[in-house]
Amino acid sequence: RGLPASAPREWWWYTGGSLGIFVIASAAMAVRAIGVLMVALCAVAGQLLGAVLLDVFVPATGEQLSARVAAGAAITLVAVAMAAMPAGRRFERMAP
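As the structure is a prediction and not an experimental result, all values here were calculated from the model.

Visitor: Is there a simple way to think about the environment of Leu-37 in this case?
Guide: The residue Leu-37 is located in helix 2 (residues 36-57) in this model. Separated by 28 residues in the primary sequence, Leu-37 and Leu-65 place their C-alpha atoms 28 Å from one another.

Written as structure tokens, this is what we have:
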């Protein structure tokens, strides 16, 4: 075990750290504007949306996007949209 003999030569191996710094900095700024709950919900929804898009455009061999996964993603995105609404407007349309 121990350190490798030389640093990796592939440039993309070094993008993770830079992207991580950007994600953490933007999340810290977003928390001040929209709050911790919305930042967390948006992070989960963004990852889910990215995964669904990958399943649609670059599916794994022999796999495809199922109706259950699509429905789950849609429900999650609706939940994020509802959480983003002001409290008074969430149930405005449901009132008799």
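Now, onward.
Visitor: Before we go on, may I ask you to explain the packing of aromatic side chains in this structure?
Guide: By convention here, two paired aromatic rings are described through the distance between centres and the angle between planes. On inspection of all chains with the given rule, the structure shows 1 aromatic pair. Considering the side-chain rings of Trp-11 and Trp-12, the 6.0 Å spacing of their centres and the 85° angle between planes classify their relative orientation as edge-to-face.

Visitor: In this structure, what is going on with a nonpolar patch on the surface? I would like to understand it.
Guide: On the surface, Leu-49, Leu-53, Leu-54, Val-56, Phe-57, Val-58 and Leu-77 cluster together into a nonpolar patch covering about 670 Å² of accessible area. Looking at where Leu-77 falls in the secondary structure, it is placed in helix 3 (residues 67-84).

Visitor: Which parts of the structure should I look at to understand the packing of helix 1 (residues 15-34) against helix 2?
Guide: Angle between the axes and distance between the axes: these two values describe a pair of packed helices. Running from N to C, helix 1 and helix 2 point in directions that differ by 125°, and their axes come no closer than 7 Å. As far as their axial angle goes, helix 2 and helix 1 are oblique. When helix 1 is examined against helix 2, the residues Ala-27, Ala-30, Val-31 and Ile-34 are found in contact with a partner set consisting of Val-36, Met-38 and Val-39.

Visitor: Any chance you could explain helix 1 here in plain terms?
Guide: One turn of the α-helix equals 3.6 residues, which is why residues spaced by three or four share an orientation. The end-to-end C-alpha distance of helix 1 is 27 Å, a good match for the 28 Å that 20 residues give at a rise of 1.5 Å each. After helix 1 finishes, the residue Gly-35 shows a positive phi value of roughly 95°.

Visitor: Can you walk me through the packing of helix 2 against helix 3 in this structure?
Guide: One can describe the packing of helix 2 onto helix 3 by two numbers: an axis separation of 10 Å at closest approach and a directional angle of 155°. Taken together, the axes of helix 2 and helix 3 lie roughly antiparallel to each other. The interaxial crossing formed by helix 2 with helix 3 has left-handed handedness. On helix 3, the residues that touch Met-38, Leu-41, Cys-42, Ala-45, Leu-48, Leu-49 and Val-52 of helix 2 are Val-69, Gly-72, Ala-73, Thr-76, Leu-77, Val-80, Ala-83 and Ala-84. Along the lines of polarity and charge, the residues of the contact of helix 2 with helix 3 split into 13 nonpolar, 2 polar and no charged.

Scoring rules and cut-offs
- Residues numbered from 1 in each chain as written.
- Predicted model: local features only at pLDDT ≥ 70, side-chain atom pairs only at ≥ 80, totals over all residues.
- Heavy atoms only, no water.
- Helix = DSSP H or I, 4+ residues; strand = E, 2+ residues; numbered from the N terminus.
- Phe/Tyr/Trp six-rings, centres within 6.5 Å; stacked < 30°, edge-to-face > 60°.
- Patch = residues over 30% accessible without salt bridge, like charges linked within 9 Å, V, L, I, M, F, W, Y side chains within 5 Å.
- Areas by Shrake-Rupley, 256 points an atom, 1.4 Å probe, with all protein chains shown as cover.
- Salt bridge = Lys/Arg side-chain N within 4 Å of Asp/Glu carboxyl O.
- Axes fitted to C-alpha atoms, helices over the stretch in contact; angles between N-to-C directions.
- Parallel < 35°, antiparallel > 145°, perpendicular 65-115°, else oblique.
- Contact = heavy atoms within 4.5 Å.
- Expected span 1.5 Å × (residues − 1).
- Left-handed = near helix turned anticlockwise from the far one by under 90°.
- Nonpolar A, V, L, I, M, F, W, Y, C, P; charged D, E, K, R; others polar.

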